[in-house]
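# Fold and geometry: a report
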Amino acid sequence: MSAVSALGAVIPSPLARRNPTVKLAILFIVSLVLLFVFDPVTPGLLYLLGLAAVLGFARIPVRTLLLAHLPFVGFALGILVVNALSRPGEVVIDLPPIRVTVEGLLVGSALALRTMAIGILSIGFIATTDPVALMTSLHQHARLSARVTFAVLAGYRMLQQLPREWQVIRQAQSVRAPLRDNGATPFGIRAFGRAAFTLLVVSLRRGERMSQSLESRGLGLGARTVWRPVPLGPADWLLLAGTVGVLALVIAGVGTLGLGLGPGVLF
Amino acid sequence: MSDSVVPAVWFRDVSVRFPRQERAVLHGATLTIAAGEQVVVFGPSGAGKSTLLAAITAVVPHSVVAEITGAVTVAGLDTLATEVVELSRHLGVLPQDPDSAVCLPGVAQELAFVLENRAVPPAEIADRIDAALDLVGAAGLRDRQTGSLSGGESQRVALAAALIGRPDVLLLDEPTSMLDADGVRQVRDAVGAVARTGAVAVLLVEHRLDEYAGSRGVAGLPARCIVLGADGTITHDGPTASVLPAAAAQLHRAGCWLPCESELEAALGFSGGLAAPRVQRALRELAGDAADAGAHRAPEFGPVVLAGHDLAVSRDAAPRPVRRRPWPFRRAGQPGQDARRDGTVGRAEGAGRRRVLVRGVDLELHAGEIVAVLGRNGAGKSSLLLTLAGLLAPAGGRVTGARPGLVFQNPEHQFLGNTVREEIAVELPDGSERVARVLAEHGLGHLADRSPYRLSGGQKRRVSLAAMLVHDRPSLLADEPTLGLDRRATIATIAAFRRAARSGRGILLCSHDLRTVATLADRVLVVADGRIVADGPVVEVLRQGDVLARAGITVPPLLGWLVAELPSGTQLRRALDALDATVDAAAGGADPAARPGTDASADDAGLPAAAGRAR
């Protein structure tokens, strides 16, 4: 069975072969550490390292990689602008009503680069991970209960059918809508709300039937086996240790150079 | 696994009553199903068939609030004291809806899931998956994604998943009611293969027994038969071959679909099926004289109300650009032209990117005419309707005519109101007198203040049809308007379409239900291999064996005989109408308004069968 990720088919690559739980843990650790870093250099370096790792080991098509960047870039720019304009401190540009401060630029760029660093790791994680393998692995290695993992998988299948269902509902309801002078059918808040309600009703029904199906298949009988376990080997531990090592090196290096800043910069 | 002394299923004096309902759904049921026994349960809509299954799976009373009296055991376990999940060790269930029958993204994973839950050693799992898929004739589906399966394939995978845990009892809950002819055949053959192993007791609940039994008739059904009456009691229990003739008249009147020979016996009073000379004579009498006035007169229809010119149909179109087009849409669908008018069309749907399902469609729909489109699932019938309705941009050619109405397969997709009355009144001026008239016309008066979502399947379809007919659009399109309906609701639908045609509408419908098509349609189009391969009167098209084979159409035995023996379409229609008229139009003597409003409630057909006379 070919693996499919949320960003298209999973292309065999060194990163795709690693354990999903370990990859998720790395993403979590880096995000957690970055929460306490408020200088632009550390997240900037981590972003470049992450980009290099993804380019080198994930074999994601460049187009997909660029497109996946868009939401993170948009969010990062937003953070940068808001901070630069709103944070009090030493003024660099003063063109009323626009006033940009040094502190604002510093914290803003730190937060923006943090977004990018977490973003590149998320892209690397999502594009190389089959959701089914992730769920199996979370059940196996993170002790997530089978009820949760399989409910998520059944939900994932429903999610795949959702766009098609939405299209049919929209078509079915627009047949009944009045025509405007130009021949279009209006699609305002009301029509949207109605279609959303119908989708909700139809999905709830299906969800109920699916949960009955899962139960009739014996989900929740107690001790269970796993047919195709997701492997967790030395390479995975090496990946985890390596990443944590690099993270520590970067923070230590930046600190030694005196460029590191903690949450204290906010006050 | 099963001990032959312990019955697979055992009921003693079981009654089930749902809250806020006066009548028990299941009433004093006592039955024993031995290990490995094959049983078919049938009865009219709302007779308690689903409740019987729910009592076996222990969904009643554990998951659904209901009052249950008496005792039920499954493989010796008391269902009142056993959790649903614990009983799943002994039960395999195949539900009605293929979409919710499989839950996980991959086929192999779906099957492994059952065994994992039962803690089967991983080393055995692969072999058991292969064996289960082999048994249902689905070995080739092992590596497929479940989202890409057809209805028939989904149901076979679900059947394999129900069997892979080696249950004592296999429950089949109307497993073919949502499938086309190919799907019905696939599932029936798979169930047959399972039954022949004798390792599992099979309980089949089905109302479309004519399709399920297929050409083998009564012999194609499980050996034992239990019949539920409209009041929820067991009225018959015994060998199918002897019970069915005894119960046929009762079931037929109540609106059940029966195998051909049983139906003929109930309607005509003669046994022996189509081979018997007396039956043949009676059918010819129903059909009347070929020289009868009007038999050869060409039907007169009004002007063309909707037409497609060299139309190419594709499913891959965003509906968005289409909405921007003025009605009536006289615009060609060529990408170049579209791109000039509306940039979004050219961008998203260059001709090369859209996979064309049907091309070269030239069709004219006249006022008062009923045309049916036949063909396999996925042949492009629904997409053709969407294109004609202006919801999909044509991949080529053009559509002319005023805006048509379109009734979708799932009525719930189209509901816009909170009550049936609001539903009909959508886009009408406040206090329009049409609402009351249409409610009465379609027998919906007593349901006017109910939520459309809480009606039975047949009632929902009636509401969506009425809501479309209340507007004066000159043509009406309908996608599988009789799917999943019992016979009484089907007859009511036929009558409603005929009235709409008589009032001057052109009607185009696509359907797998050949009998309804033969009863209703003036003309038939057959879609196969990406184009229209036949276009003509029902009788003529159904006589072309090669065309039917290309389009995967199986003509049921009775219809096949009538088409072969009767010279004209008028006679064919007269015979089918006469058979329909032998079904009671009223709901089993009970007052429909007094029936509680759950999905399980009977479908009252508030339309007199007399309205369904030939036009």
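As the structure is a prediction and not an experimental result, all values here were calculated from the model.

Our next topic: the overall build of chain B. Scanning chain B for helices and strands turns up 25 helices and 19 strands. In chain B, which comprises 615 residues, the share counted as buried stands at 55%. Counted over contacts in chain B with a minimum sequence separation of 6, partners at least 24 positions apart contribute 72%.

Moving on, we come to the sheet that holds strand 4 (residues 67–74) of chain B. Hydrogen bonds along the backbone pair up the strands of a sheet, which may run parallel or antiparallel. Residues and elements named next belong to chain B. The 4 strands lie next to each other as 2-1-4-5, forming an open sheet whose pairing is antiparallel. The open sheet is flanked by strand 2 (26–33) and strand 5 (77–78), the only strands paired with a single partner. In this structure, strand 1 (residues 9–17) lies alongside strand 4, joined through 7 bridges in antiparallel fashion. Paired with W10 across the two strands is T73, which belongs to strand 4.

Turning next to the domain arrangement of chain B. Residues and elements named next belong to chain B. Assigned domains within chain B: domain 1 (9–207) and domain 2 (304–584). Taken together, the 10 residues of domain 1 in the interface contact 10 residues of domain 2. For the side of domain 1 that touches domain 2, the class distribution of residues is 3 nonpolar, 5 polar and 2 charged.

What follows is about the interface of chain B and chain A. With 56 residues of chain B at the interface, the matching set in chain A holds 46 residues. A per-element tally of the side of chain B that touches chain A places helix 5 (residues 107–117) of chain B first, with 7 residues. Broken down by class, the residue content of the side of chain B that touches chain A amounts to 32 nonpolar, 12 polar and 12 charged.

Time to look at helix 2 (residues 41–57) of chain A. Residues and elements named next belong to chain A. Between its first and last C-alpha, helix 2 extends 24 Å over 17 residues, near the 24 Å set by a 1.5 Å rise per residue. Regarding helix 2, the residues found buried are T42, P43, L46, Y47, G50 and V54. Relative to the axis of helix 2, the buried residues are bounded by an arc of 130° and lie together on one face. Structural note: helix 2 exposes A52 and G56 on the side pointing more than 90 degrees away from its buried face. Where helix 2 is buried, its residues contact helix 1 (20–34), helix 4 (102–127) and helix 8 (234–256). Residue R59 follows helix 2 closely and has a positive phi angle near 50°.

The rules behind the values
- Residues numbered from 1 in each chain as written.
- Chains lettered and ligands numbered in written order.
- Predicted model: local features only at pLDDT ≥ 70, side-chain atom pairs only at ≥ 80, totals over all residues.
- Helix = DSSP H or I, 4+ residues; strand = E, 2+ residues; numbered from the N terminus.
- Buried ≥ 20, exposed ≤ 12 C-beta atoms within 10 Å, placed from the backbone.
- Contact = placed C-beta atoms within 7 Å.
- Pairing = 2+ DSSP bridges.
- Domains from an automatic or database assignment.
- Nonpolar A, V, L, I, M, F, W, Y, C, P; charged D, E, K, R; others polar.
- Expected span 1.5 Å × (residues − 1).
- Arc of directions from axis to C-beta.

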